[in-house]
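What the coordinates show
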Amino acid sequence: MSLLIREVPVEDTPLDLLLLADPSEEKVRSYLARSRCFVAADDGIVAGACAVQPLEAGGHELMCIAVHPDRQKSGIGTALLKWVIDFYRKSGAGRLEVGTGTFGYQLAFYQRQGFRVTAIDRNFFIQNYPEPIFEDGIQLFDMLRLSLDFTGEGTKLALK
């Protein structure tokens, strides 16, 4: 595997990949304009992508990250996430945040890289998506908000 991770212009972001992580094209398009986009190409073929949006007070939010289904569980997603974490840490960001479902491999994926749960956004998926979203046959209701603090101060739990 010869993986190259780089930033790409928003208009070159592979929307089909991002829709694997966020099924609402309308939502993805709404945050892309304010995001920085990164892709992971394996031997020249784009296999993963993500979008990161600036927040207030030096924070950034990973809006979505996805790997082509044929390439999942090959380390591309982990490599892309680690690269993005390093990129924002070196750029002086205070923290990186992400929202995800309350269970499943995605939660462990972020926690393995040091993200910690900081809040629960109750009923997020039923209030923000027109169709129910299922993961492993279970409907998603709540979103967990996770943060990776770069300042060394740690995160303060604010569970609602």
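Bear in mind the structure is a predicted one, so any value in this text is a computation, not a measurement.

Moving on, we come to the sheet that holds strand β4 (residues 59–67). Taking strand neighbours across the sheet as the criterion, the seven strands line up as β1-β2-β3-β4-β5-β9-β6 in an open arrangement whose pairing is mixed. A single partner strand is all that each edge strand has here, and the edge strands are β1 (3–8) and β6 (116–121). Across the sheet, the mean angle separating the axes of adjacent strands is 25° when strand polarity is ignored. Here seven bridges tie strand β3 (residues 45–54) to β4, and the two strands are oriented antiparallel to one another. Considered in β4, the bridge of Gly 48 is made with Val 67. The sheet contacts of helix α2 (residues 25–32) involve β2 (36–42), β3 and β4, and relative to β3 the element is tilted by about 65°.

Right, let's get into the environment of Tyr 31. With respect to the helices and strands, the residue Tyr 31 is situated in helix α2. On the accessibility criterion, Tyr 31 (5% relative accessible area) is buried. Non-local contacts of Tyr 31, meaning those with residues more than four positions away in its chain, are made with Asp 22, Ala 51, Gln 53, Met 63 and Cys 64.

Here the structure, examined in full by the defined rule, presents ten aromatic pairs. Consider the rings of Tyr 110 and Phe 115, whose centres lie 5.7 Å apart with planes at 70°: the pair is edge-to-face. With a relative accessible area of 6%, Tyr 110 lands in the buried category. Put simply, the rings of Phe 38, Trp 83, Phe 87 and Tyr 88 touch in pairs and so form one group of aromatic residues. Positioned above the aromatic ring of Tyr 129, the side-chain terminus of Lys 27 is 5.5 Å from the ring centre. Taking NZ or CZ as reference, Lys 73 lies 5.6 Å from the ring centre of Tyr 105, over its face.

Cut-offs and rules
Residues numbered from 1 in each chain as written. Predicted model: local features only at pLDDT ≥ 70, side-chain atom pairs only at ≥ 80, totals over all residues. Heavy atoms only, no water. Pairing = 2+ DSSP bridges. Helix = DSSP H or I, 4+ residues; strand = E, 2+ residues; numbered from the N terminus. Axes fitted to C-alpha atoms, helices over the stretch in contact; angles between N-to-C directions. Contact = heavy atoms within 4.5 Å. Buried < 20%, exposed > 50% of the residue type's maximum accessible area, 1.4 Å probe, protein only. Phe/Tyr/Trp six-rings, centres within 6.5 Å; stacked < 30°, edge-to-face > 60°. Lys NZ or Arg CZ within 6 Å of the ring centre and 35° of its normal.

As far as function goes, none of this settles anything; it's purely spatial.
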